[in-house]
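Breakdown of the fold
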Amino acid sequence: MSAADATARIRPVEAGTTRVRPVGAGAEVVLELREVGKRFPGGVTALDSVSLRVERGELLAIVGPSGSGKSTLLNIIGTLDLPSAGTAEVDGHDVRELSDRALSALRGSRIGFVFQQFHLSDGLTAVENVAEGLRYTGVRRGARTRLAGPRWSGSGSAAGAGTGRTSCPAASGSGWRSRGPW
């Protein structure tokens, strides 16, 4: 890709910000926040009038100093928490209008999480940890491990797959936990 092609993919949206969109991506909105706020008991305001629009194929980075509301914003984007004010729409659905069951279905089918702390279950093997994520996509219990095995074995040859290491993640250091296999 030439420098001109790369530059054409970056379009300014406001002073000091940019958005990157892959070549050929459409304008389908997958996430929209309008004047979203989040207030916690005791008068703590974590977010105040945040507006954001993300189109399919866009890359987004949320950066800021400690205490600036990044985690709260990510929790709202991921439907783990609801805004106190404003509107948050994921894939066209206003999250405040959805039941817990509908939010779980939306989360399981439209939102992916990569946690910094990995959130792995110590009592499970690598394949069992991968299979656990399939629970939220509606895959039946008996099929989860069968489906997770090939997904896992194909994901980490450069990270040590095939070493026979299948113990629980608690025995692994953070670098190994991020790459597996445990």
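From a predicted model like this one, the values you see are computed outputs, not experimental measurements. (Residues numbered from 1 in each chain as written. Predicted model: local features only at pLDDT ≥ 70, side-chain atom pairs only at ≥ 80, totals over all residues. Heavy atoms only, no water.)

**Here's the deal with the overall build of the chain**
Rules: A run of H or I in DSSP becomes a helix once it reaches four residues, and a run of E becomes a strand once it reaches two; helices and strands are each numbered from the N terminus. Contact criterion: two residues are considered in contact whenever any of their non-hydrogen atoms come within 4.5 Å of each other. The accessible surface values rely on the Shrake-Rupley method and a 1.4 Å probe; as for residues, cover is taken only from the protein chains in view.
When helices and strands are counted, the chain shows six helices and six strands. Along the chain, helices and strands appear, N-terminal first, in the series α-β-β-β-β-α-β-β-α-α-α-α. Taking as baseline every contact in the chain between residues at least 6 positions apart, the subset at least 24 positions apart corresponds to 49%. Carbon and sulfur atoms form 53% of the exposed surface of the chain, whose accessible area is close to 11500 Å².

**Some words on helix α2 (residues 70–77)**
For clarity, the cut-off: Exposure classes here rest on a 1.4 Å probe applied to the protein chains alone. A residue is buried below 20% of its type maximum, exposed above 50%, and partly exposed in between. To obtain the arc, one takes the directions from the helix axis to the C-beta atoms.
Considered for burial, the residues of α2 that qualify are T72, L73, I76 and I77. Within α2, the buried residues cover an arc of 135° as seen down the axis, which keeps them to one side. Positive backbone phi, approximately 60°, marks T79, located one or two places after α2.

**Description of unusual backbone geometry**
For S49, which is not glycine, the phi torsion reads 55° and is therefore positive. By the element assignment, S49 lies in strand β4 (residues 44–55). The backbone phi angle of D91 is positive, close to 55°, even though this residue is not glycine. Tracing the backbone through its elements, the reader meets D91 in the loop between β5 (85–90) and β6 (93–94). Residue classification places D91 among the partly exposed residues on the basis of a relative accessible area of 24%.

**Quick notes on the environment of H93**
Inspection of the secondary structure puts H93 in strand β6. Measuring from C-alpha to C-alpha, the distance between H93 and L106 comes to 8.8 Å, with 13 residues separating the pair along the chain. Those residues in contact with H93 that lie beyond four places of it in its chain are A88, L98 and L106.

**Remarks on the sheet that holds β4**
The test is simple: The criterion for strand pairing is that DSSP finds at least two bridges linking the strands in question.
The four strands lie next to each other as β4-β3-β5-β6, forming an open sheet whose pairing is antiparallel. The open sheet has two free edges, formed respectively by β4 and β6, since each of these has just one partner strand. Direction of pairing for strand β3 (residues 29–40) relative to β4: antiparallel, over a ladder of eight bridges. Residue pairing in the sheet places R39 in a bridge with T45 of β4.

**Thoughts on the nonpolar core**
The condition that has to hold: Residues grouped as a nonpolar core are buried Ala, Val, Leu, Ile, Met, Phe, Trp, Tyr and Cys residues, joined through side-chain atoms within 4.5 Å.
Of all hydrophobic cores here, the largest spans 15 residues; its most connected members are L31 and L33. Put simply, the parts of the chain that give this core at least two residues each are β3, β4, α2, β5 and α3 (100–110). In this view, L31 contacts L52, R53, V54, I77, E89 and V90; residues no more than four positions away in its chain are not counted. Judged by nonpolar contacts, the second largest core, of five residues, contains L134, V139, A143 and A148.

**Here's the deal with the side chain of R144**
Quick reminder of the rule: Within this scheme the basic residues Lys and Arg register as positive and the acidic residues Asp and Glu register as negative, but His and the chain ends are omitted. Whenever a carboxyl oxygen of Asp or Glu lies within 4 Å of a side-chain nitrogen of Lys or Arg, that contact is scored as a salt bridge.
Within the secondary structure, R144 sits in helix α5 (residues 141–153). Despite being buried, R144 has no salt bridge partner; E132 is the closest side chain of opposite charge, sitting 5.0 Å away. Beyond its immediate stretch of four places on either side in the chain, R144 contacts A131, L134, R135 and V139.

**Focus: the pattern of salt bridges**
All told, the structure shown has nine salt bridges when counted by the stated rule. Notably, a salt bridge pairs D91 with R110, separated by 2.7 Å at the nearest N-O pair. Linking D91 in the loop between β5 and β6 with R110 in helix α3, this pair joins segments that are 19 residues apart in sequence. Here R110 falls in the exposed class, since its relative accessible area comes to 53%. Among the charged side chains, a salt-bridge network with shared partners connects E32, R34, R53, E55 and E89.

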